[in-house]
Amino acid sequence: MADLRHPDEPYKTMFKAQTQILSMLVEELRTSSPEMTGLIDQLLQPNSVEIRRAQLRTIGAFWYRQGGEPEVLAELGLAMAEQAEIEPGIAMAELLMAFGTARDEQQTRQRENDLMRRMAELRGLHRVISAANSTLDLDTSMHTVVETVAEVMGVEVCSVYLFDKNSYDLTLRATKGLNNAAIGQVRSPMGEGITGWAAKEGKPIAIADVRRDPRFHKEPVLGEEEYRAMLAVPIVLFSAERFHIDSDKLQGVISIQTHGPREFTAEEINFVETVAGELAFFIVNAQLYQQTGDQLTQKLRELTTLQQVSKRIAEQLDLEEVLKLIVAKAVELAHVDRADIFRCGEDDVLQLAATQGGHHRSGVLQFIANAVRDGRPMAVLNAYSDSRFPELSHVAGEEGFHSLFCMPLHTRGHTIGAICLYTREPRHFDYEQVRLLATFADEAAIAIENARLYADSQRALAIKSVMLQEMHHRVRNNLQTISALLMMQQRRIGADEKAASALRDSISRIQAIAAVHNLLCREDIGITTVEAVARQIVESAQVSLVNPEYPIEFDVRGAGVTIGSRDATVVAIVINELIGNSLAHGLTIEGGRVLIETSEHDDTTTVAVRDDGPSHEGTPDPSQSSGFGLQIIKTLVLDDLEGSFELYEADGWMHAVVTFPKRMWQE
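The following paragraphs examine the structure supplied in this document. Throughout this description, residue numbers start from 1 for each chain and increase along the sequence as written. Since the coordinates come from a predicted model, pLDDT governs what is reported: local features require at least 70, and pairs of side-chain atoms require 80 or more to be given and counted, while whole-chain, interface and lining totals use all residues. Hydrogens and waters are ignored; side-chain quantities use all the structure's heavy atoms.

So, about the overall build of the chain. Check the secondary structure of the chain and you find 18 helices and 18 strands. Taking all contacts inside the chain whose residues are at least 6 apart in sequence as the whole, residues at least 24 apart take part in 62%. Surface accessibility in these figures is a Shrake-Rupley result with a 1.4 Å probe; residues are shielded only by whichever protein chains are displayed. When the accessible surface of the chain is split by element, carbon and sulfur atoms take 51% of a total near 35000 Å². In this description a helix means any DSSP run of H or I spanning at least four residues, a strand means any run of E spanning at least two, and both kinds are numbered starting from the N terminus. Residue contacts are counted whenever heavy atoms from the two residues lie within 4.5 Å of one another.

Before going further, it helps to examine the side chain of arginine 173. Mapped onto the secondary structure, arginine 173 falls in strand β2 (residues 169-176). Relative accessibility thresholds used throughout: buried, under 20% of the residue-type maximum; exposed, over 50%; partly exposed, between the two (1.4 Å probe, protein chains only). Relative accessible area serves as the criterion here: at 18%, arginine 173 is assigned to the buried category. A distance of 2.8 Å separates polar atoms of two side chains, one belonging to arginine 173 and the other to aspartate 139. Leave out the neighbours within four places in its chain, and arginine 173 touches Leu138, Asp139, Met142, Val160, Leu162 and Ile183. Any pair of nitrogen or oxygen atoms within 3.5 Å is treated as a polar contact; in protein, a donor-acceptor pairing is required on top of that, and neighbouring residues in sequence qualify only through side-chain atoms on both sides.

What follows is about the sheet that holds strand β15 (residues 592-601). Two strands qualify as a pair provided DSSP detects at least 2 bridges between them. The mixed open sheet is built from five strands, whose spatial order is β13-β15-β16-β18-β17. Edge positions in the open sheet fall to β13 (552-557) and β17 (644-650), since each of these has one partner strand only. Strand-to-strand twist of the sheet, defined as the mean angle between neighbouring strand axes without regard to direction, takes the value 15°. With eight bridges joining them, β15 and strand β16 (residues 604-611) adopt antiparallel strand pairing. For histidine 601, the partnering residue across the bridge sits in β16 and is threonine 604. To get an axis, fit a line to the C-alpha atoms, keeping to the stretch in contact for a helix; angles then go from 0 to 180 degrees between the N-to-C directions.

A few words now on the packing of helix α4 (residues 49-65) against helix α5 (residues 70-84). In the contact formed by α4 and α5, the axes pass within 11 Å of each other and the chain directions differ by 155°. Between α4 and α5, the angle falls in the class roughly antiparallel. Between α4 and α5 lies a crossing whose hand is right-handed. Facing α4, whose interface residues are Arg52, Ile59, Gly60 and Trp63, α5 presents Val72, Leu73, Leu76, Met80 and Ala84. Lys, Arg, Asp and Glu make up the charged group, whereas Ala, Val, Leu, Ile, Met, Phe, Trp, Tyr, Cys and Pro make up the nonpolar group; the residues left over, Gly among them, are polar. Grouping the amino acids of the contact of α4 with α5 by side-chain chemistry returns seven nonpolar, one polar and one charged. Note on angle classes: values under 35 degrees are labelled roughly parallel, values over 145 roughly antiparallel, values of 65 to 115 roughly perpendicular, and the remainder oblique. Here a crossing is taken to be left-handed if its near helix is turned anticlockwise relative to the far helix by less than a right angle, and right-handed if that turn runs clockwise.

Once that is clear, we can look at the nonpolar core. If you look at the biggest cluster of nonpolar residues, it comprises 35 residues, and the most contacted ones within it are Val574, Ile575, Leu578, Ile579, Ile596, Phe645 and Val658. Elements supplying a minimum of two residues to this core: α16 (530-544), β13, α17 (565-590), β15, β16, α18 (628-640) and β18 (653-661). The element that contributes the greatest number of residues to this core is α17, accounting for 10 residues. Aside from chain neighbours lying at most four places away, what touches isoleucine 579 is Ile537, Val538, Ala541, Phe554 and Ile596. Only buried Ala, Val, Leu, Ile, Met, Phe, Trp, Tyr and Cys residues count toward a nonpolar core, and they belong to the same one when joined by side-chain atoms within 4.5 Å.

A separate point is the sheet that holds strand β5 (residues 229-236). Taken together, six strands build an open sheet; the order of strands is β3-β2-β1-β6-β5-β4 and the sheet is antiparallel. Pairing within the sheet leaves two strands with one partner each, and these edge strands are β3 (187-189) and β4 (205-207). Averaged over all pairs of adjacent strands, the angle between strand axes in this sheet comes to 25°, irrespective of strand direction. Strand direction decides the pairing type here: strand β1 (residues 157-164) and strand β6 (residues 250-258), joined by six bridges, are antiparallel. Residue pairing across strands places tyrosine 161 opposite valine 253, the latter belonging to β6. Lying over the sheet, helix α7 (residues 138-153) contacts β1, β2 and β6, oriented at roughly 65° with respect to β2.

Right, let's get into the packing of aromatic side chains. Stacked, edge-to-face and tilted labels apply to pairs of Phe, Tyr and Trp rings (six-membered ring for Trp) whose centres lie within 6.5 Å, assigned for plane angles under 30 degrees, over 60, and everything in between, in that order. For the structure shown, the criterion picks out five aromatic pairs. With centroids separated by 5.6 Å and ring planes inclined at 75°, the aromatic side chains of phenylalanine 163 and tyrosine 168 adopt a geometry described as edge-to-face. Judged by its relative accessible area of 9%, phenylalanine 163 is buried. The exposure class of tyrosine 168 is partly exposed, given its relative accessible area of 48%. Put simply, a charge is over a ring when the Lys NZ or the Arg CZ is close to the ring centre, within 6 Å, and near the line of the ring normal, within 35 degrees. A cation sits over an aromatic face here: arginine 338 above tyrosine 422, 3.9 Å from the ring centre.

Further remarks concern helix α8 (residues 193-201). Gly193, Ile194, Thr195, Gly196, Ala198 and Ala199 are the residues of α8 that are buried. Buried residues in α8 make contact with β1, β2, β3, β4, β5 and β6.

Where β17 lies against β18, seven bridges are found, and the strand directions are antiparallel. Bridge pairing links glutamate 649 to methionine 654 in β18. Taking the residues between adjacent antiparallel strands as the criterion, β17 and β18 are bridged by two residues, where aspartate 651 takes a positive phi near 55°.

Here is the structure:
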């Protein structure tokens, strides 16, 4: 048999040897490995199946720890199974499973060691930004971070952009090497430029030479033309899935730039990623801290002011008063020296609508017009040195301001004006102040739009009211003309003839309809009340139907139940028929009382007409009458009003109850 051991490493080589002579392999193991010999001897001793399985697992784990190969272990297993009279499948399974388990445990320990090493690295890198964590002032801490990162990496520029979830873009908040005047002014949309692209993708982007990359977007205000290489790393909170981030995790971007082309190494990228991870936690903590203390007091003042503004807007539609209130509170809350609101006229010419805190001149108007035309906010930190507006310095000197912030007013997708703040000292309008200004801008836009809509609706309402009143007036006159013609015809017919009675009923019904139109030509547009209709019908009945020798007392009761013109006409005919029915069944020859009562419950309106009826006996039951009037009542109530009609006698009174659903007053 060939010697399976290496002269220098006989023990380790023994566990990697391969042979086809199983018996010789076993013997060789006995002589070269006393520990393995002991394990094999224990296995060959008579024992239970469970004990032997445990011994096989021990041998498999021991084999892996000694660096043995699984193929040789399989050969050894077959030999031991034959000598120990164990099922080969069982022996192989136990040995290889133990071998695999030991291997997995070793890999797990290796991963744990790697993790511990990585944590040690993170602790070391954490010291780089420990100065930033010594304060909760976000601006101061980010300034410390950019200076530290630039020094450690040996680069010329390091900048921090913070993500704005409301506007869905990135705002420059700190920089080392670029124009400090651009802080708070430069905004990078998501997906635009290297910085915006890194934020959108959620992963680092390293560019050796930006001049060869079409994604690079040069911002003139920053003065970054001389820089070539760029590294942008997103600041992500809890970024376990690097390529699947959302706006709740994204906090901003760290941007690195150098004068010459440069290939950023993996270690440099990992360093910036670690700094970004630490900074993400700090940003969140700082933002939470800023929401306490002074911020809480500020928020309370803002909410109080907004409540006052909203209340004033709701109470009145005087646009000038509302705008004056908005600019006054803007000066108070934003701690500025002056506030203006500009409004676009019908000819799209920008005009001053309200001002507070100074005397406005026309010099700044052209700059505000540019912001209104672009529909984007305009921030000027230093009006005397802003390269975008070289002519603004002269205007600032005349009007006495140093910083300016302008927010356009938007409503229904178009710009209707702008609100502007001015300060005599240099002033950076931070995120919270911009939100406050945006809220005031929204209130102003709503006030302007509401005033315009109110004026338009008032004009339309006046026109419609005049037209409807004229229509009802003409209908009433036509009905009165028809009624007069029928009355002339009635005088030519004998009073006892049936035709005279029919004409009298028709005249009464026409007068009832005319009474409704008489009301509608004086009331609101197409609206009246059931009580007013009832009183009109009662007045008409007292003149045309009641016998003066037998007076009848009419009583109309109930709250003001509003009703539209269509239902009012139907209700007028129904009440007229009910009163006529009461008079026809005895009240005309004996007198009495008629009570009309209206009420509403939930979604229904009820009209109840009752009379005390005739005192003599033998009067027919009205409910059994087949008269034409009763048929009219049932048809109108059931078909037109979609309600119900009930007729009954109780406590000496005859009750007629009409119930129908309330409807919108759109006729």
